[in-house]
Amino acid sequence: MTRISPRTALRRTAGSFAAAGLLAAGSLAVGAPAYAADPVFTLGGSADTALHPYPESGAPQKNALSFTVHNPSTDEENGAFQGEATYTLDLSGIQGVAVLSPPEDTATDCEITGTTAVCHDFGVWPGLSTAAEFGLSAAKGSKEGATGTIEVTGSAEGATFTPFTTKVTVGGPDLVMKPLPFKTELKPGDSQPAPITFSNQGTTAADGVLLTLHYSRGLDIPERYSNCEYLENTGEPPFQDYAWATALCAVEGTYEPGATYTLGVPLSVEATERALIDSFVYRINEDSPAERSAQRGGAAFTRGTGSQLTLKKATASARGADLDPWNNQQEVDFRTENTADFAATGDRAEGKAGDTVTAKLGYRNDGPAWVGHIRSGESVAGLDFTVPEGAQVTGKPENCRGVTAEGKSREEQLGAPRYLCPSSMTVNDKAEVSLPFELKITEEIANAKGKVTIGSGWVMDPELAFDPEPANNTAYLVLNGDDQGAGSASGGDGDGGSAEGSTGGSTSGSTGGTPSGSPGEGGTSTPGSTGTAGSGSFGGGLASTGSTALMASGAAAVALAAGGVLYAVTRRRARLG
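Read on for a plain summary of the structure. The shown structure was predicted, so the numbers you read here are calculated from the model rather than taken from an experiment. Throughout, a residue's number is its position along its own chain's written sequence, starting from 1. In view of the model being predicted, local features appear only for residues whose pLDDT reaches at least 70, and side-chain atom pairs are presented and counted only at 80 or more, with totals across whole chains, interfaces and linings using the full set of residues. Side-chain measures were taken over the full set of non-hydrogen atoms in the model, leaving aside hydrogen atoms and water.

## Focus: the state of the cysteines
Threshold: We call a pair of cysteine sulfur atoms a disulfide whenever their separation is within 2.5 Å. The rule is simple: take the accessible area with a 1.4 Å probe, protein chains only, and divide by the maximum for that residue type; under 20% is buried, over 50% is exposed, in between is partly exposed. Runs of E in the DSSP output that reach at least two residues are strands. Runs of H or I that reach at least four are helices, and both are numbered from the N terminus.
Enumeration over the complete set of coordinates arrives at three disulfides. Shown here is the disulfide that connects C110 with C119, its sulfur atoms set 2.1 Å apart. Of note, the bridge from C110 to C119 carries an S-S torsion of about 110° and is right-handed in sense. C119 matches C110 in its accessibility class, with the two residues each being buried. The disulfide partner of C228 is C249, and the gap between their sulfur atoms is 2.0 Å. Taking the sign of the S-S torsion, 110° for the link of C228 and C249, the bridge is right-handed. One end of the pair, C228, is in strand β19 (residues 228-231); the other, C249, is in strand β20 (residues 244-255), and 21 residues separate them in sequence. Both residues of the pair, C228 and C249, belong to the buried class.

## Concerning the sheet that holds strand β18 (residues 219-220)
Stated precisely, the cut-off is as follows: For two strands to pair, DSSP has to find at least two bridges joining them.
Reading across the sheet, the three strands line up as β15-β22-β18 and stay open at both edges, with antiparallel pairing between neighbours. Each end of this open sheet is capped by a strand with a single partner; those strands are β15 (191-194) and β18. Pairing between β15 and strand β22 (residues 267-271): four bridges, direction antiparallel. By the bridge assignment, P193 is partnered in β22 with S268.

## Observations concerning the sheet that holds strand β33 (residues 401-403)
For clarity, the cut-off: Axis angles are defined between N-to-C directions and span 0 to 180 degrees, where every axis is a line fitted to C-alpha atoms and, for a helix, only to the segment in contact.
On the basis of which strands lie adjacent, the open sheet formed by six strands has the order β28-β38-β37-β31-β34-β33 and mixed pairing. Bordering the open sheet on either side are β28 (347-349) and β33, each of which pairs with just one other strand. Pairs of neighbouring strands in the sheet enclose a mean axial angle of 20°, with direction left out of account. As paired strands, β33 and strand β34 (residues 418-422) are joined by three bridges and run antiparallel to one another. Following the sheet pairing, R401 is matched in β34 by L420.

## Re the nonpolar core
Just so we agree on the cut-off: Take the buried residues of types Ala, Val, Leu, Ile, Met, Phe, Trp, Tyr and Cys, join any two whose side-chain atoms come within 4.5 Å, and each joined set is a nonpolar core. Here, residues are in contact when the closest pair of their heavy atoms is within 4.5 Å.
Ranked by internal contacts, the top residues of the largest apolar core, which has 39 residues, are F342, F385, F437, L439, I454 and F466. Elements with a contribution of two residues or more to this core: β27 (340-345), β29 (356-368), β31 (382-386), β32 (391-395), β34, β36 (432-441), β37 (448-455) and β38 (474-479). In terms of residue count, β36 provides more of this core than any other element does, five residues in total. With residues near it in sequence (within four places) discarded, I454 still touches F342, A343, A344, Y363, A381, G382, L383, L464 and N473.

See below:
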């Protein structure tokens, strides 16, 4: 019997506290279940798993084997199923073919006894997450080409699980993507060739390959090949949070073991006028309907109309699953010499003592660059709002946190003198974010002003390093301004008349609302989301520093991982980080 359980206690404790209502906002709490009927969860994973043949000497090489569970709910706050879930693996089909073993690290309690593995976990989170992880290696005495199956089932009180089966084969292709020597410090308009090259280091040939290219919003691949499908960075699933574009290119042919292949003509990677901090991911898999479906992630792609993308053998030297899928991918990060002009937006409101008004405060990105912290998942920026004298906040956006005047934590969230609101991890060029605050006027004071500042969110370094115009990072909420323009709602020192950049007028007696963003052209801002505090620094989007910023809120967002299924599987681990 083998048992593994290093991190399950955290998940169980979080689930128990959430069920009891003991976790405060910004903690590990997940809302109560929102199911009127028994939910149906789908088990999944790789349809085919290939193993290195058992060696003549030494220990066999292990491959990672993960099984996933999909919760169809899209409600991150309230869509989690909270209850004990049990996953059972029937290993009788791989006897004499493969041996299952626990990995070095896992988030689930599992016991392997004979031909059965049983895993216990608490909760099923919205979206796709890991149900169980194992190691798998060829059995001693197994022959190349030997096959078997592992059947996975799930059970939980009040829920149903759709079972899953994976085919296990000894031997197969091993497609290895080669890193390219890209120039990573760029200027807008810079273009460089990408002669993508891979080799097959496996034991069998690959029957057709699927090249997957992910490139963030500031990059472009101008070519549109007829054997490629494209998903533009328009905010469509599954990459709306990161503003990615994707190209899937299917290239027919037989790719032999020991051989290396490269593109017939290198494609181009271009830094556009909106580039700042960007990433390019290039991945190779054996082509199959299952792999194409996994990489599409349910999104609607458009086929190119140009010439065909081709591959040629660079050196001389039966379809199957890849022996080592972790070396199929390479990634590169670019920094482009560019700027993004963030501007704060204020508001004006009128009312008498006792009246309630709604003010819409926020910011916009006038570009030309978009800003995305797609590696660290940190917020791009943070809004700092000081409440005007004679007013009290009675309703606030969900992702804004009430603090003391000095910026320290306080328990009571309404009625605070100051509010800190982290942005999402991406803010597109031309995006606009509006955050409604409900305020009760406690004393009628002419030209009462509350400062609204968009900055990095860091106490020691509040300015946005990429912003060329810090003068417009400050605006004001003006209550009961006089006709002489004694209070400006946006920028300046309050002298002069107009409320330039104002996002709304007064609403006497209104009730509070939830945050709403109105992305501009290509905008994908999500102001209502809770994010981690953003570094705001030029390099902060490429790697998490581990520091705690002023406006930390919730758990860190997921970092960029392998495309398609591999990206989704990492979500659960990120919750525990």
